[in-house]
Amino acid sequence: MSRHVFVLAFVVSVLATAALAEVRLLDTPAAEKSSSYALNAGPDGTIVLSWVERLGEGGHALRFAELHEDEWGDATTIATGEGWFVNWIDHPAVVPVGGKRLAAHWLVHDEDRDGDYGYGIRLVFSEDRGATWREVFRATGEGTDGYAGFVAYAPAADGFEMAYLATVGDDNAEPALAGHGEVEPRMTLRSARFDAAGRLVDDRQVDADVCSCCTTAMAPSSDGLFLAFRDRREGEFRDISFARLQHQRWSAPKLVHRDGWHIRGCPTNGPAVASGETGPAVAWFTAAGGESKVLAAFWNSGKQRFDDPIRIDNGSPRGWAGVTTLDDGSAAVSWVERSEAGHFELRVRRVSEAGSTGTALTVAPVPAGRSAVGVPKLGRHVDRLIFAWRDGGVHTAVVPTEALE
């Protein structure tokens, strides 16, 4: 090895070590090999980690824990059962929706359908911080292999909103949960509204044809409730769209940005959205034109649209973006990137509304396979960023926001 190469390798090693020094791992109460994790924040800043554990042959349990200062509390079991649909991309969740109220859902195969998928949503509601639960909603997709899932939540003044995907019709198409399929079912985006007691108020369609297995995301703001999703437009273009809920009415969907990603089949790589005092920010993955990118865009309230996107990645992203807003109006964006050494890493960096980006910080190495890592999550608690990912089990970490340049 030449002296110059050695010095470069040393510098890279030092920088990586310095970045990792800002990261503090948090032990979780999740059992070994737990999966289907989620990380959600409530209106009061409560952070909840949820996950699914396997119980013997065919059984599963949905559990959650709250973050208290610098450690996770004890695990609480919400439900157990058999016949659940558990996979790497469509995750159950437990979500604080205000006060002592929690909403939670998991996915269950419909017994009267013989398809490989054929699963639906079971939504339960608690008014006592998870001590007791009652079922308040079910949804399923049409057709033998139809399904409903990919749920996102947001608190509302008089309850909460839940967005989800549901298939329509049965064209003998194989659902493209593995990605890049030749055919897909027609998937609709819907939104269900619940009051403060968990009662269903409304269930309506937001978009009649969207990507079949990309995660959805929602965030409230002073300009309305924003719902971000991967759309499916004529010609198989799959860019990120958004709709706004104002005065109890959903707007027509609009593109966040016209990337022009033409792909026949779902890329299983949905957007993230978060909102601060200056409005929402959206982060997402695209491979338009054959070039993989992670992008972020800020809402321009004056122009009532999203500004031009800012590139976040370092050149070799796998995607699965996360985003949270910071007090100064900037945002922290996380994603999975392939390093120069060929390893995969969960990274995060700050991006300003003006378009400047800070140095990327490595949170943790992650498995190469998407089914092994799942969809990494990013949240914020006061002056700390909270991360969750999977590597043989569910892992979490804390990074102070001041660590982001």
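Definitions and cut-offs
- Residues numbered from 1 in each chain as written.
- Predicted model: local features only at pLDDT ≥ 70, side-chain atom pairs only at ≥ 80, totals over all residues.
- Heavy atoms only, no water.
- Pairing = 2+ DSSP bridges.
- Helix = DSSP H or I, 4+ residues; strand = E, 2+ residues; numbered from the N terminus.
- Axes fitted to C-alpha atoms, helices over the stretch in contact; angles between N-to-C directions.
- Salt bridge = Lys/Arg side-chain N within 4 Å of Asp/Glu carboxyl O.
- Buried < 20%, exposed > 50% of the residue type's maximum accessible area, 1.4 Å probe, protein only.
- Phe/Tyr/Trp six-rings, centres within 6.5 Å; stacked < 30°, edge-to-face > 60°.
- pLDDT = per-residue confidence, 0-100.
- Contact = heavy atoms within 4.5 Å.
- Core = buried A, V, L, I, M, F, W, Y, C linked by side-chain atoms within 4.5 Å.
- Polar contact = N/O pair within 3.5 Å; in protein donor to acceptor, adjacent residues only side chain to side chain.

A. A look at the sheet that holds strand β25 (residues 317-325). Read across the open sheet, the four strands follow the order β25-β26-β27-β28; overall the sheet is antiparallel. Every other strand in the sheet has two partners, leaving β25 and β28 (361-366) as the edge strands with one partner each. Strand-to-strand twist across the sheet, computed as the mean angle between neighbouring axes with direction ignored, equals 20°. Note that strand β27 (residues 344-351) and β28 share five bridges and pair antiparallel. Counterpart to E345 in the pairing with β28 is P365.

B. Fine view of the pattern of salt bridges. The final tally for this structure, using the stated rule, is 21 salt bridges. Linking R233 and D231 is a salt bridge whose minimum nitrogen-to-oxygen distance equals 3.6 Å. A relative accessible area of 34% places R233 in the partly exposed class. Using a relative accessible area of 3% as the deciding quantity, one classes D231 as buried. Here D313 makes a salt bridge to R311, at a shortest N to O gap of 3.0 Å. Overlapping salt bridges bring together R24, D70 and R384 as one network.

C. Just the pairing of strand β12 (residues 159-168), in detail. Buried residues dominate β12, accounting for nine of its ten residues. Looking at chain direction, strand β11 (residues 148-156) and β12 are connected through seven bridges and run antiparallel. The partner of P155 across the bridge, within β12, is F160. Taken together, the ten bridges between β12 and strand β13 (residues 186-195) define a ladder with antiparallel strand orientation. When the sheet's bridge partners are listed, T167 is paired in β13 with M187.

D. Main features of the packing of aromatic side chains. What the rule picks out here adds up to 16 aromatic pairs. With a centroid separation of 5.3 Å and 20° between ring planes, the pair formed by Y119 and Y147 is classed as stacked. Of this pair, Y119 sits in strand β9 (residues 119-126) while Y147 sits in the loop between β10 (134-140) and β11, and the two are 28 residues apart along the sequence. For Y119, a relative accessible area of 0% puts it in the buried group. Assessed through its relative accessible area of 0%, Y147 is described here as buried. Ring geometry for Y153 versus F160: centroids 6.3 Å apart, planes at 40°, classification tilted. Note on Y153: relative accessible area 10%, which makes it buried. Chaining the aromatic ring pairs together yields one cluster made of F125, F137, Y153, F160, Y164 and F194.

E. Summary view of the environment of L245. Tracing the backbone through its elements, the reader meets L245 in strand β17 (residues 240-246). A sequence separation of 84 residues divides L245 from E161, and the C-alpha atoms of the two residues are 9.9 Å apart.

F. Local environment of the confidence of the model for the chain. Model confidence for the chain is summarised by a mean pLDDT of 90, while 90% of its residues fall at 70 or above. Note on residues 1-18: pLDDT is under 50 here. Beyond four places in sequence and across chains, it has one contact. Every residue in residues 174-182 scores below 50 in pLDDT, and together they form 34 contacts with partners more than four places removed in sequence or on other chains.

G. Region of the structure containing the nonpolar core. In terms of nonpolar packing, the biggest core is built from 83 residues, with Y164 and V363 touching the most fellow members. For Y164, the contacting residues outside a window of four places in its chain are I121, F137, A139, A148, G149, F150, V151, T188, L189, R190, A192 and D203. The next biggest cluster of nonpolar side chains, apart from the first, holds 20 residues, and it includes A272, I310, V333 and W335.

H. Molecular detail of the side chain of S352. Mapping S352 onto the fold places it in the loop between β27 and β28. Using a relative accessible area of 18% as the deciding quantity, one classes S352 as buried. Within the structure, S352 has its side chain in polar contact with the side chain of S356 (distance 2.8 Å). Beyond its immediate chain neighbours, meaning those up to four positions away, S352 contacts F298, I310 and S330.

I. Representation of the pairing of β9 in the model. Buried residues dominate β9, accounting for eight of its eight residues. Two elements, strand β8 (residues 101-109) and β9, share eight bridges in a ladder whose sense is antiparallel. Across the sheet, the residue bridging to V108 is G120, located in β9.

J. Representation of the sheet that holds strand β7 (residues 93-98). Across the sheet, four strands lie side by side as β7-β8-β9-β10; this open sheet has antiparallel pairing. Because the sheet does not close on itself, it has two edges, and the strands there are β7 and β10. Strand-to-strand, the axes of this sheet are offset by a mean angle of 25°, without reference to chain direction.

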